[in-house]
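What the coordinates show
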Amino acid sequence: MAIANAFFTSLRSAFSDADNGVNSSPSAVFHAFSSSGVTTSRQRKYTVYCTLDRVDSMSLSPALKAEQESGYVPLPIVHLIQDPECDATTVEISFGDRLGLLIDTMQALKDLGLDVVKGIVTTEDSVKKTKFLITRLDTGRKVEDPDLLERIRLTIINNLIKYHPESSEQLAMGEAFGIKAPEKKPDVDIATHIHVKDDGPKRSILHVETADRSGLLVEVVKIVADINIDVESAEIDTEGLVAKDKFYVSYRGAALTSSLSQVLVNCLRYFLRRPETDEESY
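Residues numbered from 1 in each chain as written. Predicted model: local features only at pLDDT ≥ 70, side-chain atom pairs only at ≥ 80, totals over all residues. Heavy atoms only, no water.

Attention shifts here to empty space enclosed by the protein. Throughout the structure, instances matching the rule amount to three cavities of 30 Å³ or more. Space inside the largest cavity adds up to approximately 50 Å³. In terms of lining residues, the largest cavity is bounded by 10 residues, among which Leu102, Thr105, Ile156, Asn159 and Leu160 are the most central. Looking at the lining of the largest cavity residue by residue, the class counts come to six nonpolar, three polar and one charged. The wall of the second largest cavity is formed by Glu150, Arg153, Asp212, Leu216, Leu217, Ile236, Asp237, Thr238, Ala243 and Asp245. Looking at the lining of the second largest cavity, the elements with two or more residues in it are α5 (146-163), α8 (216-226), β11 (230-239) and β12 (242-250). Top element by residues in the lining of the second largest cavity is β11. It accounts for three residues. (1 Å grid on protein atoms, 1.4 Å probe; cavity = no way out; pocket = protein on both sides within 12 Å on 5 of 7 lines; lining within 4 Å. Points joined across faces, edges and corners; volume = space filled by probe spheres on them. Nonpolar A, V, L, I, M, F, W, Y, C, P; charged D, E, K, R; others polar. Helix = DSSP H or I, 4+ residues; strand = E, 2+ residues; numbered from the N terminus.)

Pairing between strand β5 (residues 76-82) and β11: six bridges, direction antiparallel. Looking across to β11, one finds that Gln82 is bridged to Ala234. Both β11 and β12 contribute to a ladder of nine bridges, which runs antiparallel. By the bridge assignment, Glu235 is partnered in β12 with Lys246. Joining the antiparallel neighbours β11 and β12 is a turn of two residues, in which Gly240 adopts a positive phi near 65 degrees. (Pairing = 2+ DSSP bridges.)

Residues other than glycine seldom take positive phi values, yet Leu102 does so here, at roughly 60 degrees. Within the secondary structure, Leu102 sits in the loop between β6 (89-95) and α4 (103-110). Assessed through its relative accessible area of 4%, Leu102 is described here as buried. The phi torsion at Arg252 lies on the positive side, around 55 degrees, for a residue other than glycine. One can find Arg252 in the loop between β12 and α9 (258-271). Take Arg252: its relative accessible area is 73%, and that puts it in the exposed class. (Buried < 20%, exposed > 50% of the residue type's maximum accessible area, 1.4 Å probe, protein only.)

Right, let's talk about α8 for a bit. Every buried residue of α8 is accounted for by Leu216, Leu217, Val220, Val221, Ile223 and Val224. Buried residues of α8, viewed axially, fall in a sector of 160 degrees; they line one side. In α8, those exposed residues whose orientation departs by more than 90 degrees from the buried face are Lys222 and Asp226. Contacts made by the buried residues of α8 are with α5, β10 (204-211), β11, β12 and α9. (Arc of directions from axis to C-beta. Contact = heavy atoms within 4.5 Å.)

Structure follows, in structure tokens:
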């Protein structure tokens, strides 16, 4: 609550002119929050509407009201970045301009044995992006366990569905847990794109794009490990119903050969195929 109080106090002071009915064209607004509280800076007058996860803390903006009345639902995006030069795992979440301080999401991450090191929120072009730097409480370092990374991803998506039920129609988990399942799910065969390219002499980049599903990250990492390929870092993107993942991989300290790359692509295509596909067709 201390973070929330500091945030609202800052907003009342910084945007008093906006509350008096003065509006301006969209410009970037930045909020930074840590254990010491929240700071807000702005370059121009800008009216901010936010929520503490699902609960409105201010009146809805006219634009958001119009979106809700029209039935428009922005694209939910969850982005996990494993930067080898950073000791923390970066998590970035966006859902149009509907996300608040995400206090409950931060607590859910802490319940996984994680510490939110720092959070930065930027609002630009009507899309609010919340970035967390998280570490493991037991080691103080970034998360490297694929199972825990998948739990982080699913925890964030679960909270999106919980506090923003309208997001369920654009998330794979919405079929089982949301108030409205996706009307049209992506065709796995059509949506799946896998390719490998060199990123210098010592590593390659594996791109995997496919229909999202629970456990997908763990499956991909296991397949890569089964071929004795090392995953050095990764960027895990969930954009609505589609997963767009990027893995920096190597084999014995070098980039993958063309033959090994083809083996990897073939294995991933096999395991990411339609679950109902007949085994005898292979």
